[in-house]
Amino acid sequence: PLPLERHARKAAKPDLEALVALPQGELLAIGSGSAPRRNVAASVTRSGQVTWHDLSALHAALAQRVPSLNIEGAFLRGDALWLIQRGNSVDGVSALIELDASLTPGSIRAVHLLALPRLEDVPLTPTDGTVLPDGRVLLSASAEDTLDPYADGTVTGSALVLLTGTAQVDAVVPLGRPVK
């Protein structure tokens with residue numbers, strides 16, 4: 001149960017931002033890591049059984065490599081689980097984080113920093129993504145005018161971003177209106 005009042009609800013929710021289908025048929029929902037209550041994941045079987053996982057150790061290890069941790073999406077690529085870090089803060093960086101499936105601090109294979117362009121003088125930061133059949137990555141991104149990954153800001157623009165290789169921007173397609 002969560003409070004109905006907006007600010008109390010935001011503070012209490014686990015903020016499961018990323019949802020990925022695993023090969024064995026389970027769904028994995030991953031918390032953003034932006035606050036202690038958000039250091040969780042939940043796996044859901046086809047029969048509906050939910051298992052909660054504590055990601056505190058993984059998120060602490062990631063926070064040493066990625067300032068202002070704010071996981072917004074995930075996808076599978078090969079044998080790796082990739083997390084999408086949204087760097088929408090004064091010290092945050094956007095990145096793709098490559099993990100093995102164990103979700104432990106030792107599962108971090110690499111952190112690939114993203115250099116996304118600006119829209120309306122606000123940096124684009126990824127909000128979700130998927131891997132395409134040819135291995136490229138397609139991200140949704142928004143330019144949110146905020147200095148804090150926890151506090152929402154004005155969205156000044158949005159785009160789709162196509163990445164080649166690990167994290168090289170190949171194309172940016174602005175969307176007609178600012179959506180997040």
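The structure this text deals with has already been given above.
The structure contained in this document is the topic of the report that follows. (Residues numbered from 1 in each chain as written. Predicted model: local features only at pLDDT ≥ 70, side-chain atom pairs only at ≥ 80, totals over all residues. Heavy atoms only, no water.)

### Some points on the nonpolar core
Part 1 of the reasoning: Core analysis: the largest hydrophobic core is formed by 20 residues, its most contacted members being Leu28, Ile30, Leu81, Leu83 and Leu99.
Part 2 of the reasoning: Of all elements in the fold, only strand 1 (16-21), strand 2 (27-31), helix 2 (56-65), strand 5 (71-77), strand 6 (80-85) and strand 7 (95-99) reach the threshold of two or more residues within this core.
Part 3 of the reasoning: No other element matches helix 2, which puts 3 residues into this core.
Part 4 of the reasoning: With 18 residues, the next largest nonpolar core counts Leu96, Leu119, Val137 and Ala143 among its residues. (Core = buried A, V, L, I, M, F, W, Y, C linked by side-chain atoms within 4.5 Å. Buried < 20%, exposed > 50% of the residue type's maximum accessible area, 1.4 Å probe, protein only. Helix = DSSP H or I, 4+ residues; strand = E, 2+ residues; numbered from the N terminus.)

### Digging into the pairing of strand 14 (residues 168-174)
Part 1 of the reasoning: In this sheet, strand 14 lies alongside strand 13 (residues 154-164) in antiparallel orientation, the contact comprising 6 bridges. Each residue of the ladder has a partner; that of Ala159, found in strand 14, is Pro174. (Pairing = 2+ DSSP bridges.)

### Observations regarding the environment of Arg46
Part 1 of the reasoning: For Arg46, the location among the structural elements is in the loop between strand 3 (40-44) and strand 4 (50-54).
Part 2 of the reasoning: For the pair Arg46 and Gln24, spaced 22 residues apart in the sequence, the C-alpha separation amounts to 9.6 Å.
Part 3 of the reasoning: Leave out the neighbours within four places in its chain, and Arg46 touches Gln24 and Gly25. (Contact = heavy atoms within 4.5 Å.)

### A closer look at the environment of Gln85
Part 1 of the reasoning: Note that Gln85 resides in strand 6.
Part 2 of the reasoning: The spatial distance from the C-alpha of Gln85 to the C-alpha of Leu119 is 19 Å, given a sequence separation of 34 residues.
Part 3 of the reasoning: From its side chain, Gln85 meets the backbone oxygen of Val93 in a polar contact 3.2 Å long. (Polar contact = N/O pair within 3.5 Å; in protein donor to acceptor, adjacent residues only side chain to side chain.)

### Points about the sheet that holds strand 11 (residues 125-131)
Part 1 of the reasoning: Across the sheet, 4 strands lie side by side as 11-12-13-14; this open sheet has antiparallel pairing. Strands at the two margins of the open sheet, each flanked by one partner only, are strand 11 and strand 14. Strand-to-strand twist in this sheet, taken as the mean axis angle between neighbours without regard to direction, amounts to 25°.
Part 2 of the reasoning: Strand direction decides the pairing type here: strand 11 and strand 12 (residues 137-145), joined by 6 bridges, are antiparallel. Across the sheet, Val131 pairs through a bridge with Val137, a residue of strand 12. (Axes fitted to C-alpha atoms, helices over the stretch in contact; angles between N-to-C directions.)

By themselves, these observations are geometric and do not establish any function.
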